[in-house]
Amino acid sequence: MMQRDNYLNTILLIVIVSISLIACNALGEPMVAARGVVKDVNGNPLEGVSVVFETLNRVPSKTVTRKDGVFDLTLIGADPKKTKISFTKTGYKSFEKQFEVEGQAEFNVIFELDE
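Residues numbered from 1 in each chain as written. Predicted model: local features only at pLDDT ≥ 70, side-chain atom pairs only at ≥ 80, totals over all residues. Heavy atoms only, no water.

### Brief notes about the packing of aromatic side chains
Then step 1. If you walk through the whole model with that rule in mind, you get four aromatic pairs.
Then step 2. Ring plane angle 55 degrees and centroid distance 6.3 Å describe the contact between Phe87 and Phe107, whose orientation is recorded as tilted. Here Phe87, found in strand β5 (residues 83–88), pairs with Phe107, found in strand β7 (residues 103–111); they are 20 residues apart in sequence, far enough to count as distant. You'll find Phe87 and Phe107 in the same group, each marked buried.
Then step 3. A ring pair is formed by Tyr92 and Phe111, whose centres lie 5.8 Å apart and whose planes are at 40 degrees; its orientation type is tilted. A residue pair is termed long-range when its members are at least 10 positions apart, and Tyr92 in the loop between β5 and β6 (95–98) and Phe111 in strand β7 qualify at 19 residues.
Then step 4. You can call Phe111 buried: its relative accessible area is 1%.
Then step 5. Each member of the aromatic cluster is reached from another via a ring pair, and the members are Phe71, Phe87, Phe95 and Phe107. (Phe/Tyr/Trp six-rings, centres within 6.5 Å; stacked < 30°, edge-to-face > 60°. Helix = DSSP H or I, 4+ residues; strand = E, 2+ residues; numbered from the N terminus. Buried < 20%, exposed > 50% of the residue type's maximum accessible area, 1.4 Å probe, protein only.)

Here's what the structure looks like:
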């Protein structure tokens, strides 16, 4: 039952992101979207990692990773060259990266313990 729910959630997410992409292209608005997985150095998925898109003149867009470490985040109307994505979790080193492409990017992040 749990696998079926995860599968349906994944399908729903793909549909939502696809509709967002179509809407952005139709409106001519720039967009940045990220999807990926956050894991620790041992390859275990990390739940509850804060993922934030920040760009000029816009309210940051935020989410947290799910139990399987997966996150999805979209920011419509953002200039990719002025947008950064950051990952934070208590007890781990933060990670930040400048977003480089318009559209969707895949991020697979490995978190190290903050010693």
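Having seen it, we continue.
### A short note on the sheet that holds strand β2 (residues 50–55)
Then step 1. Spatially, β3-β2-β5-β6 is the arrangement adopted by the four strands of the open sheet, whose pairing is antiparallel. Of all the strands in the sheet, just β3 (61–64) and β6 have a single pairing partner and so form its edges. Strand-to-strand twist across the sheet, computed as the mean angle between neighbouring axes with direction ignored, equals 15 degrees.
Then step 2. Relative to β5, β2 runs antiparallel, the two being bridged by six bridges. Bridge assignment links Phe53 to a residue of β5, and that residue is Ile85. (Pairing = 2+ DSSP bridges. Axes fitted to C-alpha atoms, helices over the stretch in contact; angles between N-to-C directions.)

### A word on the nonpolar core
Then step 1. Counting residues in each nonpolar core, the largest one holds 19 residues, and the members touching the most others are Val38, Phe53, Phe71, Ile85, Phe87, Phe107 and Phe111.
Then step 2. Elements represented by at least two residues in this core include exactly β1 (31–40), β2, β4 (70–76), β5 and β7.
Then step 3. Per-element tally for this core: the top contributor is β7, with four residues. (Core = buried A, V, L, I, M, F, W, Y, C linked by side-chain atoms within 4.5 Å.)

### Concerning the side chain of Thr55
Then step 1. Inspection of the secondary structure puts Thr55 in strand β2.
Then step 2. In this structure the side chain of Thr55 is engaged in a polar contact, spanning 3.1 Å, whose partner is the backbone oxygen of Lys82.
Then step 3. Here the side chain of Thr55 touches Thr83 through a polar contact of 2.9 Å, side chain to side chain.
Then step 4. If sequence neighbours within four positions are ignored, Thr55 has contacts with Leu75, Ala78, Asp79, Lys82 and Thr83. (Polar contact = N/O pair within 3.5 Å; in protein donor to acceptor, adjacent residues only side chain to side chain. Contact = heavy atoms within 4.5 Å.)

### Examining the confidence of the model for the protein
Then step 1. A residue-level look at the protein finds 72% of positions with pLDDT of 70 or above and a mean pLDDT of 80.
Then step 2. Per-element averaging of pLDDT across the protein places helix α1 (residues 2–27) at the bottom with 61 and β3 at the top with 92. (pLDDT = per-residue confidence, 0-100.)

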